[in-house]
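Descriptive structure summary
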Amino acid sequence: MNESTGGGRAGNGTPILEVRDLSVYHGQLRALDALSLRVYPGEVYAIIGANGAGKSTLLRTIAGLHHPQSGSVLFEGTDVTGLRPERRARQGIVMVPEGRRLFGSLSVEENLKVGATYARSGPWTIERVYETFDWMRDRRNQRAQQLSGGEQQTVAIGRALVANPRLLLLDELSLGLAPLIVQRIYGMLPQILETGLTVLLVEQDVSQALRVATHIHCLLEGRTTLEGTPAGVSAEQVEAAYFGLAGTAAVNGHPGEGSVS
Ligand SMILES: Nc1ncnc2c1ncn2[C@@H]1O[C@H](COP(=O)(O)OP(=O)(O)O)[C@@H](O)[C@H]1O
Ligand SMILES: [Mg+2]
């Protein structure tokens, strides 16, 4: 299938991220089953899937917070599977975790400073975050727990940006937020992408993912059920892939495209 229209997926060049045959267990439970994917520079690559599909496990494994039982994670062609999370952050893999995980009793600015701990040099500074999200400067001394959910999510994004990621991992930005707020938060993506980074995001809200993504990848019980561009997949295909309805075994796109060993 030709995916040359897939926003940065030109079929040439090195993927910024390659996941090869990744299997991750939580105890006896296999959360990811020989999963493979490739993310190309400049893409907004969306992992979609129902609760429990393995989306967070995937992002956390890419960030170095879970260790795979088998398979590997390559960042810009280099195997980072054995690296600790801080080392990966230094190389440019930075995550906004599910549920935001701010330090509630610390101020907004202190939270942003935490993000700078393993920072690379690059365009993002705390000052730049304030310029981009202008309300934040006025509230920089407030405790994070005093902010609304949407504001906290924005601070969590700011905290990730000050580390100057090359690959930004976003785990369910929409969780617990009103639709209007979710739209506003995703509306910030263009400004973020402008600074030259690549986004791998996880989203349960399929229509939201389809709106912002250049490439989508459906997960069901740790396996790929569908892959392609938003324009190249039908709503019916996505629904079937998401809920695991009969017939989804016929994967559309590039199943296991990372498994060229
Ligand atoms: N730390 C953990 N310990 C045990 N089971 C876990 C843990 N984290 C996730 N799981 C299980 O692994 C599966 C995938 O979870 P997760 O990656 O969080 O899915 P998603 O983010 O798609 O909702 C689920 O069945 C979940 O219950
Ligand atoms: Mg999750």
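Not measured: the values here are computed from a predicted model.

Observations concerning the nonpolar core
- Counting residues in each nonpolar core, the largest one holds 66 residues, and the members touching the most others are A46, A160, L169 and C218.
- Every residue in contact with A46, bar those within four places of it in the chain, is listed here: L201, E203, A209, A213, I216 and H217.

Examining the packing of helix α3 (residues 108-115) against helix α6 (residues 149-161)
- For the pair α3 and α6, interaxial distance at closest approach is 7 Å and the crossing angle is 35°. For the element pair α3 and α6, the recorded crossing hand is right-handed. Counting all contacts with α3, which are made through V108, N111, L112, V114 and G115, the residues of α6 involved are V155, G158, R159 and A160.
- Of the residues that constitute the contact of α3 with α6, the class distribution is five nonpolar, three polar and one charged.

Remarks on the sheet that holds strand β9 (residues 215-220)
- With mixed pairing, the six strands of this open sheet are ordered in space as β6-β7-β8-β3-β9-β10. Only two strands of the sheet have a single neighbouring strand rather than two, namely β6 (93-96) and β10 (223-228). Going across the sheet, the axis of each strand differs from the next one's by a mean of 20°, ignoring polarity.
- Here β9 pairs with β10 via five bridges, running antiparallel.

A look at the site of ligand 1
- As a matter of local geometry, ligand 1 sits amid H26, G27, L29, A31, G49, N51, G52, A53, G54, K55, S56 and T57.
- For the shell around ligand 1, the elements supplying multiple residues, two or more each, are β2 (29-39) and α1 (55-63).
- Among the residues making up the shell around ligand 1, the classes are represented as three nonpolar, eight polar and one charged.

Considering the confidence of the model for the chain
- Scored by pLDDT, the chain has a mean of 89; 89% of the residues are at 70 or more.
- Confidence drops under pLDDT 50 across residues 1-7; counting only partners more than four residues distant or on other chains, this segment forms 14 contacts.
- Ignoring residues within four places in sequence, the model shows residues 248-261, a span with pLDDT below 50, making 34 contacts including any to other chains.

With respect to the sheet that holds strand β4 (residues 70-75)
- The strand order across the open sheet formed by four strands is β2-β1-β4-β5, and the pairing between neighbours is antiparallel. Strands with a single pairing partner mark the edges of an open sheet, and in this sheet they are β2 and β5 (78-79).
- Of the strand pairs in this sheet, strand β1 (residues 17-26) and β2 are connected by seven bridges, and their pairing is antiparallel. Within the sheet, the bridge partner assigned to H26 lies in β2 and is L29.

Rules of the game
- Residues numbered from 1 in each chain as written.
- Chains lettered and ligands numbered in written order.
- Predicted model: local features only at pLDDT ≥ 70, side-chain atom pairs only at ≥ 80, totals over all residues.
- Core = buried A, V, L, I, M, F, W, Y, C linked by C-beta atoms within 7 Å.
- Buried ≥ 20, exposed ≤ 12 C-beta atoms within 10 Å, placed from the backbone.
- Contact = placed C-beta atoms within 7 Å.
- Axes fitted to C-alpha atoms, helices over the stretch in contact; angles between N-to-C directions.
- Helix = DSSP H or I, 4+ residues; strand = E, 2+ residues; numbered from the N terminus.
- Left-handed = near helix turned anticlockwise from the far one by under 90°.
- Nonpolar A, V, L, I, M, F, W, Y, C, P; charged D, E, K, R; others polar.
- Pairing = 2+ DSSP bridges.
- Near = placed C-beta within 6 Å.
- pLDDT = per-residue confidence, 0-100.

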